[in-house]
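Coordinate analysis (summary)
Here's the letter readout for the chains.
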Amino acid sequence: MSAPTIRCGGCVATIERALAALPDVESVRANLTLRRIVVTPVPNSPGLMGIFAELERIGHPATPIDAADLSVEAGDRTGQALLRAVAVAGFGAMNVMLMSVAVWSGATGTTRETFHLISALIAVPIVAYAGRFFFVSAWAALRRGGVNMDVPIALAIALATGLSLYETVRGGEQVFFDAAVTLTFFLLIGRWLDHRMRDRARSAMTGLVRLAVREAVEITPSGGQRTIAVDAVVPGMVLRIAAGERIPVDVRIVSGATDLDRALVTGESSPVSVRTGCEIEAGALNLTGPIDAVVLRPVSESFLAQMMGMLATAEEGRGRYVRIADRAARLYAPLIHLLALATFIGWMAVTGDWQQAAFIAISVLIVTCPCALALAVPVAHVVAAGRLMAEGILMKDGSALERLANIDLVAWDKTGTLTTGEPAIRVLPKLDAASQVAVASLAARSAHPAARAIASRLAVPGTAPVDVAERPGFGVEGVIDGRRARLGRESWVGEIAADVMTGDGPAFAFEGGEMLRFPLDEKLRDGAVDSVSDLALMNLPGEILSGDAAPAVAQVQGLLGLRGAQSAMSPADKIAWLDDLRAQGIRVLMVGDGMNDTAALATAHVSMSPASASEAGRAAADLVFLRDDLRAVPQAVGVARRTGHIVRQNFGLAILYNCIAVPLAVAGLVTPLIAAIAMSASSIAVVANSLRLNPRAVANAVPDAMFREVPA
């Protein structure tokens, strides 16, 4: 459900606390960036009306939406309204400041009163219009008996405007319309910047929405065609997908061949050829030819829906810094009010001048507005999420950033993660022309991964063998130019060879001829060497956790220079290994892709998985990287560490500002205008410091290749 009134961590905490207390709610998560609430009702609950009524009662009315549909954000007009308010407040601040300069220059008597009156005529309607964002939010909080970060802001603006208007009516000398309007102006700039950054974070999600297909063409049992809504597509249906169309759901090709743009999965724009039997993810772009494909999963369970789900939940985690900021935001507003009240009472007791005491208390309210503290964590996390998305890395849990920054060790799955799972020829034996033609011809007629690896190295158009037969578990046999030949297991090939050559890898021989061997290595995934090396420079050693035999694991360990390797491990063994390290205080990043890695991914301190991983592996991982390149792993660790550093700096800036500004304001050394400028400057400093994570990533949240439009 959508709740546009969510403004800060305090709002999130209020919503989650209120809904969690309802008997019909099993779990609840509020998302600050998307301003959404995800509620899981208890089984057989009577309905959601009580939930909506409770949200209405606490001042956060919500409307139901489809969790997979992000188009509601596309129509969000809040940003435009904020920008108009900024323009109006800026216009008013400039004009009121001109009036104030005249008064500061020594205008007295009727001239001063006239300038005050003109300032009032400008300031009051502008504050009412531009400041409505703060007034409405503050009133909603007060009406339900609570406070949020907008309460002290609204109180400061209202008091500064009200007391200045009172002074103007009675012909007094001290008015602060300039402070009220300037405070509103700077606060709106901060609010607009915050909204803009969150909108940028949502741009990746709306980009994914653009990839979603609304309709599909079904091939009916009678052979006809009909267009249906993609929501009506069910597993087992056969769809026809023309060239230039996107794949609507996860499918397997049953007829035809084509080239695909799979940038959504791989991050690479190079076309990929597919044919009958290949599985394709939703969102891929069909480039060249029509295909018929059977539906594997409904749209709600498709790869594209999973990606949107990951993005939508990226900020729902509650990391340590987020919890600190939430608690501080809840306590800060009441403390501000108490401090301002104490300041008023103190100055009233000392001077007996209630107007002076009131204006000093207003300065305290303004200077202590908790904007910088409230922005310290969410702004950094939004920018970091944009940076990760720019690198093709999706966060499923906002707390993963903090956990990733604190890891001590990286545990790698081998097959499918460090390696592609496909063998590669280590070195070709010396082949005469006849043997080269025979090996290439036999290898081309087998679907075995080893045969495909050999065929890829021997692209020789040879004589077509006759009487070809593939013996599962042994190899492929055929007659070439009248000579029987075999390619496959050593013992089987040795039955026809004149001699037997020991070694590893498939063997080949003509009947009565010499046996040749094709030693195989596992093909390392792109960036594997660089990734391990970069992590070592970060003082993060690596170990392999694999179910493969020791020789194969040791070979990959040697190629990558990893510290250690564990072989022949079952899923339970991996969990026990991770639990043992956790008991020792060692925090592990697990990187894996297979179904057998799911439990380990969920058990580790933090986990990553490639987008090409199994559905269960992607669901269990905290982060998913879209490219095949493993350099995404050190990139994510680097962003996480820098984000933690930036968040600590933001907290330091907010605390330093308050340590300096609050005593000066309480001492009466800060006017409301200076307080407004100082408070806004502290918020802008926090935002600017967060943008150092990557300014360009905020504007480009995801790789452009992912969101290319479908060609006409």
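Residues numbered from 1 in each chain as written. Predicted model: local features only at pLDDT ≥ 70, side-chain atom pairs only at ≥ 80, totals over all residues. Heavy atoms only, no water.

**Remarks on the pattern of salt bridges**
Side-chain pairs of opposite charge can arise whenever the charged atoms involved come near each other. Applicable threshold: Any carboxyl oxygen of Asp or Glu within 4 Å of a side-chain nitrogen of Lys or Arg constitutes a salt bridge here. Only DSSP runs of H or I reaching four residues or more are called helices, and only runs of E reaching two or more are called strands; each is numbered from the N terminus. Burial classes follow relative accessibility: with a 1.4 Å probe on protein chains only, a residue under 20% of its type's maximum area counts as buried, one over 50% as exposed, and anything between as partly exposed.
A complete count under the given rule lists 17 salt bridges for this structure. With a closest N to O distance of 3.1 Å, Asp622 and Arg403 form a salt bridge. Separated by 219 residues along the polypeptide, Asp622 in the loop between α22 (615-620) and β25 (623-625) and Arg403 in helix α14 (residues 400-405) bring together distant segments of the chain. Pair check on accessibility: Asp622 and Arg403 agree, each one buried.

**What to know about the packing of aromatic side chains**
Threshold: For Phe, Tyr and Trp, where Trp contributes only its six-membered ring, two rings pair if their centres lie within 6.5 Å, and the inter-plane angle classes them as stacked under 30 degrees, edge-to-face over 60, or tilted in between. Two limits define a charge over a ring: the Lys NZ or Arg CZ must be within 6 Å of the ring centre, and within 35 degrees of the ring normal.
In total, this model carries three aromatic pairs according to the counting rule given. Taking 5.8 Å as the distance between ring centres and 55° as the angle between the ring planes, the aromatic pair formed by Tyr166 and Trp354 counts as tilted. Linking Tyr166 in helix α7 (residues 150-169) with Trp354 in helix α12 (residues 354-367), this pair joins segments that are 188 residues apart in sequence. Between the aromatic rings of Phe474 and Trp492, the centroid separation amounts to 6.4 Å while the plane-to-plane angle is 50°, which identifies the pairing as tilted. Of this pair, Phe474 sits in the loop between β15 (466-471) and β16 (475-480) while Trp492 sits in helix α17 (residues 490-493), and the two are 18 residues apart along the sequence. Accessibility expressed as a relative area gives 34% for Phe474, which makes it partly exposed. Given the relative accessible area of 1%, Trp492 is considered buried. Its guanidinium or amino end placed over the ring of Phe474, Arg471 lies 4.9 Å from that ring's centre, counting from NZ or CZ. Geometry around Phe474 places Arg489 over its ring, the cationic atom sitting 5.7 Å from the centre.

**Quick notes on α7**
The cut-off we apply is this: The length a helix should cover is 1.5 Å for every residue beyond the first.
Taking 1.5 Å per residue, 20 residues should reach 28 Å; α7 reaches 28 Å between its end C-alpha atoms and fits that length. Looking at the residues trailing α7, positive phi occurs at Gly171, about 75°.

**Quick notes on unusual backbone geometry**
Notably, Asn539 is not glycine yet its phi reads approximately 65°, a positive angle. With respect to the helices and strands, the residue Asn539 is situated in the loop between α18 (528-537) and β21 (542-545). One non-glycine residue, Ala568, lies in positive phi territory at about 50°. Structurally, Ala568 can be placed in the loop between β22 (564-566) and α20 (571-583). We classify Ala568 as exposed; its relative accessible area is 54%.

**A short note on the sheet that holds β16**
Operational definition: At least two DSSP bridges between two strands are required for those strands to pair. The contact definition used throughout considers only heavy atoms, calling two residues in contact when any of these lie within 4.5 Å. Under this scheme, a helix contributes an axis fitted over its contacting stretch, all axes are lines through C-alpha atoms, and angles between N-to-C directions fall in the 0 to 180 degree range.
Strand order across the open sheet formed by five strands is β15-β16-β17-β18-β19, with antiparallel pairing between neighbours. Every interior strand has two partners, whereas the edge strands, β15 and β19 (516-517), have only one. Summarising the sheet, β15 and β16 pair through four bridges and their orientation is antiparallel. Counted as the bridge partner of Arg471 is Gly475 from β16. Packed onto the sheet, helix α15 (residues 433-443) meets β16, β17 (483-488) and β18 (507-510) and runs at close to 120° relative to β18.

**Some thoughts on the side chain of Asp629**
Where we set the bar: For the purposes of these results, a polar contact is taken to be a pair of N or O atoms within 3.5 Å, where, inside protein, one atom must be able to donate a hydrogen and its partner to accept one; residues adjacent in sequence count only when each atom of the pair is a side-chain atom.
Positionally, Asp629 belongs in the loop between β25 and α23 (632-666). Residue class for Asp629 comes out buried when judged on its relative accessible area of 18%. In terms of polar contacts, Asp629 uses its side chain to reach the side chain of Arg631, at 2.5 Å. Leaving out residues up to four positions away in the same chain, Asp629 has contacts with Asp526 and Gly527.

**Things to note about the nonpolar core**
Let me state the cut-off plainly: Residues enter a nonpolar core if they are buried and are Ala, Val, Leu, Ile, Met, Phe, Trp, Tyr or Cys, with the set joined through side-chain atoms within 4.5 Å.
Counting 55 residues, the largest nonpolar core has Leu404, Trp412, Leu589, Met608 and Leu623 as its most contacted members. Counting residues per element, this core draws most heavily on helix α13 (residues 371-390), at 11 residues. In contact with Leu623, not counting residues within four places along its chain, are Leu388, Ile393, Leu394, Met395, Ala400, Leu404, Val606, Ser607, Met608 and Ser609. Grouped together as the second largest cluster of nonpolar side chains are 49 residues, Ala81, Ala93, Ile126 and Phe134 included.

**Quick word on the confidence of the model for the protein**
For clarity, the threshold we go by: Values of pLDDT, ranging from 0 to 100, describe the predictor's confidence in every residue of the model.
Mean pLDDT over the protein works out to 80, with 84% of the residues at or above the 70 mark. No element of the protein has a lower mean pLDDT than helix α3 (residues 71-74), at 43, and none a higher one than strand β13 (residues 409-412), at 95. Note on residues 67-75: pLDDT is under 50 here. Beyond four places in sequence and across chains, it has 14 contacts. A low-confidence stretch, residues 697-712 (pLDDT under 50), is modelled with 48 contacts involving residues beyond four sequence positions or located in other chains.

**What about helix α19 (residues 550-560)?**
Stated formally: It is the directions from the helix axis to the C-beta atoms whose arc is reported.
For α19, the complete set of buried residues consists of Val553, Val556 and Leu560. Viewed end-on, α19 has its buried residues packed into an arc of 65°, placing them on one side of the element. Exposed side chains of α19 directed beyond 90 degrees from the buried face belong to Pro551 and Gly558. Those residues of α19 that are buried are in contact with β14 (419-425), β20 (520-524), α18, β21 and β22. Two residues or fewer after α19 comes Gly561, characterised by a positive phi angle close to 70°.

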